[in-house]
Amino acid sequence: MPDPQIGRIDHVVANQQVGDLEKVVELYINRLGFHRFWSVDDSLLQTGTSGLKSMVVSDFDETIKIPVNDPSQRFMGRSQTQEFVDFHGAGGIQHVAICVEDLVKTVRVLRQRGCNVLPVPQEYYEDLRDKLDKSRLDLSVSVDVMQELDIVIDFDDKGYILQIFTRPLQARPTLFFEFMQRNNHDGFGAGNFKSLFAAIEAQQKLRGTLFTM
């Protein structure tokens, strides 16, 4: 079996109970010497059905990054963060993001090994083609291949980030992995949040957990 060439850990996402975001962030800052690196609220991190807030903390050298999330209460649906907390029984690590050199190669090998990734709505790629037509971005992978492998992309004028997310590793919708490829881009895929939320909500609907427990 080919080697998937797993790279390094890029970041680790910690989901918290409602109202615990600031308390946990302060713990990282006061106890471990981390600092606030980036944040986003539920005006962006939402689908209209559910949402969350996120703040990224980082160590001094900005080699360790931990996005800390808590659920939004502004929406009728239960967010992925709240679902995690409900099934996990407390706040904890939702997913580990691993950065690789060639995401397409890694995903193909992982699929050969039986890894199931989160399916991305096909409308995402229709919108993506329109956006890329208006940009000057030089991609290392075609949109057709991205669509085949359920890879998503976030980009700006300088570079881009490719991402895929596995399905949960257990029967419970708790821990999963993200695999990513950075190309002159140090963000967290903010441009993908709404599409990824929609993909996760589709799985919540299949589990029957989006509105009821």
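Draft legend 1. Spotlight on the packing of aromatic side chains. By the definition in use, this model includes four aromatic pairs. Each ring, one from Tyr28 and one from Phe34, has its centre 5.6 Å from the other, and the planes form 35°; the classification is tilted. Residue Tyr28 shares its accessibility class with Phe34, and that shared class is buried. Ring plane angle 85° and centroid distance 5.0 Å describe the contact between Tyr124 and Tyr125, whose orientation is recorded as edge-to-face. A residue is classified by how much of its surface remains accessible, and Tyr125, at 0% relative accessible area, is buried. In this structure, Lys65 packs its charged tip against the face of Phe37, placed 5.0 Å from the ring centre.

Draft legend 2. Structural view of the nonpolar core. Residues Leu103, Tyr125, Leu128, Met146, Ile151 and Leu162 are the most contacted members of the largest nonpolar core, which totals 30 residues. Where this core is concerned, the elements lending two or more residues are strand 5 (92-99), helix 3 (103-112), helix 4 (123-133), helix 5 (143-149), strand 6 (152-155), strand 7 (160-165), strand 8 (176-183) and helix 6 (193-207). When neighbours within four sequence positions are excluded, Leu103 is seen to be in contact with Ile151, Leu162, Gln163, Ile164, Phe179, Met180 and Gln181. Membership of the second largest hydrophobic core comes to 10 residues, among which are Tyr28, Phe34, Ile66 and Val68.

Draft legend 3. Representation of unusual backbone geometry in the model. The phi angle at Gln5 is positive, at roughly 55°, despite the residue not being glycine. Its location among the elements puts Gln5 in the segment before strand 1 (8-15). Here the phi dihedral of Asp150 falls at roughly 60°; this positive angle occurs in a residue that is not glycine. Among the secondary structure elements, Asp150 is positioned in the loop between helix 5 and strand 6.

Cut-offs used in this document
- Residues numbered from 1 in each chain as written.
- Predicted model: local features only at pLDDT ≥ 70, side-chain atom pairs only at ≥ 80, totals over all residues.
- Heavy atoms only, no water.
- Phe/Tyr/Trp six-rings, centres within 6.5 Å; stacked < 30°, edge-to-face > 60°.
- Buried < 20%, exposed > 50% of the residue type's maximum accessible area, 1.4 Å probe, protein only.
- Lys NZ or Arg CZ within 6 Å of the ring centre and 35° of its normal.
- Core = buried A, V, L, I, M, F, W, Y, C linked by side-chain atoms within 4.5 Å.
- Helix = DSSP H or I, 4+ residues; strand = E, 2+ residues; numbered from the N terminus.
- Contact = heavy atoms within 4.5 Å.

Limitation: the analysis is restricted to geometry and does not speak to function.
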